[in-house]
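Structural characterization, general
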Amino acid sequence: MSSPTLIDNSITNNTIIWDKSSLPDKIQTFDEYKSLYTLSIEDPNRFWKMAAERLNWYHFPTKIKNTEFDYRTERGIDIKWFEDGIINVCYNCLDRHIEKDPNIANQIALIFEPDIPTDTHHHITYGELLCKVKKFANVLKKHGIKKGDRVTIYMPMVIEACIALLACARIGAIHSVVFGGFSSHSVAERISDCNGTIVITSDFGVRGGKCIPLKSKIDQALLMPECNTVKTVIVFQRYYGMENLKDDCVERRKTLEWVNGRDFWAHEELETVNDICEPEQMNAEDPLFILYTSGSTGKPKGILHTTGGYLTYVNLTFKYVFAYNPGEIYMCSADVGWITGHSYVVYGPLANQATTVVFEGIPTYPDVSRFWNIIDKHQINIFYTAPTAIRSLMAHNDSYVTKTNRQSLRLLGTVGEPINPEAWRWYCNVVGNGRCPIVDTWWQTETGGFMITPIPNVWELEAGSATLPFFGIQTQIFDEKTRKPLEIPDRGELCIRDSWPGQARSLYGNHKRFVDVYFKPYPGYYFSGDGCEIKKNGYHWITGRVDDVLVISGHNIGTAEVESALVQHVAVSEAAVVGYPDPIKNQGMYCFVTLKDNVLESDELRKELIKTVRDVIGAHVHPDIIHFAPNLPKTRSGKIMRRILRKIVEPDIHNLGDTSTLNDPTVVDELIRTSPRTK
Ligand code: WTA
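Note that this is a predicted model, so its numbers are computed, not measured. (Residues numbered from 1 in each chain as written. Predicted model: local features only at pLDDT ≥ 70, side-chain atom pairs only at ≥ 80, totals over all residues. Heavy atoms only, no water.)

**A closer look at the sheet that holds strand S4 (residues 108–113)**
Think of a sheet as strands paired side by side through backbone hydrogen bonds, with each pair either parallel or antiparallel. Strand order in this open sheet of seven strands is S5-S4-S17-S16-S18-S19-S20, and the pairing throughout is mixed. Whereas interior strands pair on both sides, the edge strands pair on one side only; in this sheet they are strand S5 (122–125) and strand S20 (438–440). Across the sheet, the mean angle from the axis of one strand to that of its neighbour is 20°, orientation sign disregarded. As paired strands, strand S19 (residues 411–414) and S20 are joined by three bridges and run parallel to one another. From the neighbouring strand, Thr414 faces S20, where its bridge partner is Asp440. (Pairing = 2+ DSSP bridges. Helix = DSSP H or I, 4+ residues; strand = E, 2+ residues; numbered from the N terminus. Axes fitted to C-alpha atoms, helices over the stretch in contact; angles between N-to-C directions.)

This is the structure in structure tokens:
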């Protein structure tokens, strides 16, 4: 393996010209990477045309790239890739493989691994999956869903969730998946933002041995006036046709509320349709899905991804970064409710005709050997998970890992937050027996697919670094204060120069916010919201968020959302939420809460506030520390100075910075004195 010799990030210097007419199946050498990287930057039209040729189009695009990245121009931010191309995502994930080789109909597409390991796991072939997707697409059509309609999907991590996504893609409906942990309030917010008319859900889900009542959360959401656009709810039965239904699930099914004329059992509807359903011919820039993600301020942002560019990008990144070989078994532990589930459980793998595992459970149930047992059970070759999971499993005795075999593993991957070198080494040495490269992939809901990532066995890895940019990605760090670009090596705010096909095109119904959040901070660049250090050898080290978004256990949580949940409690007059470093979860959530006059502080109230946050946003959002603070540090104009709060909880109380603009500087001393983090 040749090591990179990148001086001042000049990957594009002295490289051999790429003179072939198509992309290789695998990147094998660093020279090959440099040559293709140079091409992707200097001639993006040629590079991405070759990438698009990896898919089947009804009409191959004659225009490849047409993008404007500077909001100050007359055109403004406008991103179009393959704009006259006609394509269908579902066709590319399923039909085309079988059309090319009818034997593929018998290849396993999805392996379902249920939450409870003794429950039946089932495999579903490409042929069966295609048939089920067509039938479900016909159910959607029967209920009036057509191209461009928004479909909210609120499902457990089961095969039917993947079927729902693919069925939407087949008929050109825009899916909006909401993670099953979100509360009815959060689902309602997301349904109303996109004016959805239909919800696909399940009677319940099972996670960590617990029954999660999904349908009843939808019932509650739909009582809210902002959701009166919803006319239809299609309900899958978890454990449909299975005998060993858990007792509490049986009870729940009996007590399920049912609104006649609105609610329909999926299994009954499926009996009324056939399996003939031609894919809708979609323009490359037609929307494929909306996925909500937390922002620094305000409501969650409906990230909008479109069809041709997104699929081209996830297809190529999956292929190269996992160096996928036909026949290999791949598992990504993410839920389909997050972007990782969209791009690297469903679309990327299936577009590459891979066999991919759909895992319903959590890494610690029934015990902390779960992942490693699954790897042995299904002989998994490529395993992709989050640093949080690795750190929480690492905290237990290594024997939970070493008692399993794991010889099938070839490659390991991580995503979601920075991985500390210690966890990286444990993953590499204990889980991978020192044999498997680790791909630490940096990317975001907004980027659609991997942005900064190793390509295995092509350059050397460094524990904790996402290493180098993927094809077409030009990184630039900026100084937060001077707003000027930085020369490397240095550390600054991470931006991307110029467009790539997988990026989000807008925020659903709010292009202005899209421009404000991502393109105004550094004109001419996409602003990631992350900090990054780029070392002399060009390697990238992500340092974490630079805005008011927390990344806790791989999930993005906007502090503003938590604050607004807290103030919904009658006892609270004001709240300020900040993150602090946590050795397992990446960040912990610290809530400063000012109570109303005459309300007494108590542990009981603390519990109630935690419950309020979980009820309002979702069960995966959990405040770690509630600090009752009679006063918060504010500027004279009344703005809470979060910078100071962050320093207090870090704790880094000797570097508070300028406190002279504070209305009452003694407030800070009082908070330091009473904070559990500074004791
Ligand atoms: C963080 C998940 C360091 C980062 C795909 C980013 C990472 C946010 C990494 C996006 C990584 C993701 N190293 N940090 N390899 N991957 N992040 O939208 O802060 O759920 O901005 O997308 O996760 O989270 P999102």
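**Looking at the sheet that holds strand S28 (residues 572–582)**
Ordered in space as S28-S29-S30, the three strands form an open sheet in which the pairing is mixed. Each of the sheet's edge strands pairs with one partner strand only, and the pair in question is S28 and strand S30 (625–628). Recorded for the sheet is a direction-independent mean angle of 25° between the axes of neighbouring strands. In this sheet, strand S29 (residues 586–595) lies alongside S28 in antiparallel orientation, the contact comprising ten bridges. Counterpart to Asp582 in the pairing with S29 is Asn586. Running at roughly 140° to S28, helix H18 (residues 559–566) makes contact with S28 and S29 of the sheet. (Contact = heavy atoms within 4.5 Å.)

**Quick look at the pattern of salt bridges**
One pass over the structure, following the stated rule, counts 38 salt bridges. Ionic pairing is found between Lys147 and Asp286, a salt bridge with its closest N-O pair at 3.5 Å. Note that Lys147 is positioned in the loop between helix H5 (126–142) and strand S6 (150–154) and Asp286 in the loop between strand S13 (282–283) and strand S14 (287–293), a separation of 139 residues in sequence. The exposure class of Lys147 is partly exposed, given its relative accessible area of 39%. A relative accessible area of 18% means that Asp286 is categorised as buried. Residues Arg391 and Glu417 are paired through a salt bridge, measuring 3.1 Å at the closest nitrogen-oxygen approach. Residue Arg391 is located in helix H14 (residues 387–394), and its partner Glu417 is located in the loop between S19 and helix H16 (421–431); the two are separated by 26 residues in the primary sequence. A relative accessible area of 5% places Arg391 in the buried class. Taken together, the salt bridges that share partners define one network made up of Lys215, Asp219, Arg262 and Asp263. (Salt bridge = Lys/Arg side-chain N within 4 Å of Asp/Glu carboxyl O. Buried < 20%, exposed > 50% of the residue type's maximum accessible area, 1.4 Å probe, protein only.)

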